[in-house]
Amino acid sequence: MAEHIALTVNGEGRELDVEPRRLLVQVLREDLDLTGTHIGCDTSQCGACTVHLDGLAVKSCTVLAVQADGSTVKTIEGLAPDGSLHPIQQAFWEKHGLQCGFCTPGMIMAAADLLARDAEPTDDAIRHAIEGNICRCTGYHNIVAAIREAARVMGASADAPVATA
């Protein structure tokens, strides 16, 4: 028996009928075709499925879609909706914070959550924020450097003078 849910996903209202046992990650990937959210382990260990639910980073493999009814979800596709790279995505590119890329969307969403709460995190704070996200390719050094660079760029752009007409 399906249940009707309504979500705001990446700024767009979405309504659909889902089985009560379906996970949010399945609905995002299979029903809404937002495949940037990856399924890595199905046990909440890897963090590849991290999205923002009502402004907080969550592992979408641990949330039933019906639990997200009425919520706002942001996926990696919604991080920079104008088609350009978000400063965190750009920093991952420039600082080589990715290799195979499988964990990258989850890492970036965890980093965005951190930087929304702490504009100038220490390396220890960065490592703590991403400790629920596993990367099997890197030693995390470049990921930490990328998040540090994103914090610098985002802080610099926030401090930039506003041009007036």
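The structure we're discussing is the one just above.
Student: Looking at this structure, how should I read the overall build of the chain?
Tutor: Scanning the chain from N- to C-terminus turns up five helices and five strands. Starting at the N terminus, the α and β elements of the chain follow one another as β-β-α-β-β-β-α-α-α-α. Since a compact globule built from 165 residues should have a radius of gyration of about 15 Å, the 16 Å found for the chain is in line with a globular shape. Overall, the C-alpha framework of the chain stretches about 50 × 45 × 25 Å when taken along its three principal axes. Burial statistics for the chain: of 165 residues in total, 42% are counted as buried. For the chain, restricting intrachain contacts to residue pairs at least 6 apart in sequence, the fraction spanning at least 24 positions comes to 54%. In the form shown here, the chain has an accessible surface area of approximately 8,900 Å², with 50% of it arising from carbon and sulfur atoms. For the chain, the centre of its 12 positive side-chain charges and the centre of its 22 negative side-chain charges are spaced 7 Å apart.

Student: Could you clarify how one ought to interpret unusual backbone geometry in this entry?
Tutor: The general pattern is negative phi for most residues beyond glycine and trans for most peptide bonds. Notably, Asp54 is not glycine yet its phi reads approximately 50°, a positive angle. Looking at the element boundaries, Asp54 is found in the loop between β3 (50-53) and β4 (56-59). Non-glycine residue His96 carries a positive phi angle of around 55°. On the basis of relative accessible area, His96 is assigned to the exposed category, the value being 54%.

Student: Explanation requested: the pairing of β3 in the structure shown.
Tutor: Each regular strand carries side chains that alternate between the two faces of the sheet. What you see with β3 is no split at all: Thr50 and His52 on one side and Val51 and Leu53 on the other are buried throughout. Two strands pair when backbone bridges link them, and β3 and β4 are joined in this way by four bridges, in the antiparallel orientation. Note that in β4 the partner of Thr50 across the bridge is Lys59. Connecting the antiparallel pair β3 and β4 is a turn made up of two residues, with Asp54 showing a positive phi of about 50°. The pairing of β3 with strand β5 (residues 72-74) spans two bridges and is antiparallel. Considered in β5, the bridge of Leu53 is made with Val73.

Student: What exactly am I supposed to notice about the pattern of salt bridges here?
Tutor: Side-chain pairs of opposite charge can arise whenever the charged atoms involved come near each other. On inspection of all chains with the given rule, the structure shows seven salt bridges. Residue Arg14 is joined to Glu12 by a salt bridge in which the shortest nitrogen-to-oxygen separation is 3.9 Å. Assessed through its relative accessible area of 26%, Arg14 is described here as partly exposed.

Student: Even after reading the chapter, I still don't get the sheet that holds β3, so can you show me in this structure?
Tutor: The strands making up a sheet associate through backbone hydrogen bonding, with each pair oriented either parallel or antiparallel. With mixed pairing, five strands are arranged side by side in an open sheet as β2-β1-β5-β3-β4. Every interior strand has two partners, whereas the edge strands, β2 (12-18) and β4, have only one. In this sheet, neighbouring strand axes are inclined to one another by 40° on average, regardless of whether the strands run parallel or antiparallel. As paired elements, strand β1 (residues 3-9) and β5 share two bridges and run parallel to each other.

Thresholds applied
Residues numbered from 1 in each chain as written. Predicted model: local features only at pLDDT ≥ 70, side-chain atom pairs only at ≥ 80, totals over all residues. Heavy atoms only, no water. Helix = DSSP H or I, 4+ residues; strand = E, 2+ residues; numbered from the N terminus. Rg over C-alpha atoms; globule rule 2.2 N^0.38 Å. Buried < 20%, exposed > 50% of the residue type's maximum accessible area, 1.4 Å probe, protein only. Contact = heavy atoms within 4.5 Å. Areas by Shrake-Rupley, 256 points an atom, 1.4 Å probe, with all protein chains shown as cover. Lys, Arg positive; Asp, Glu negative; His and termini not counted. Charge placed at Lys NZ, Arg CZ, Asp CG, Glu CD. Pairing = 2+ DSSP bridges. Salt bridge = Lys/Arg side-chain N within 4 Å of Asp/Glu carboxyl O. Axes fitted to C-alpha atoms, helices over the stretch in contact; angles between N-to-C directions.

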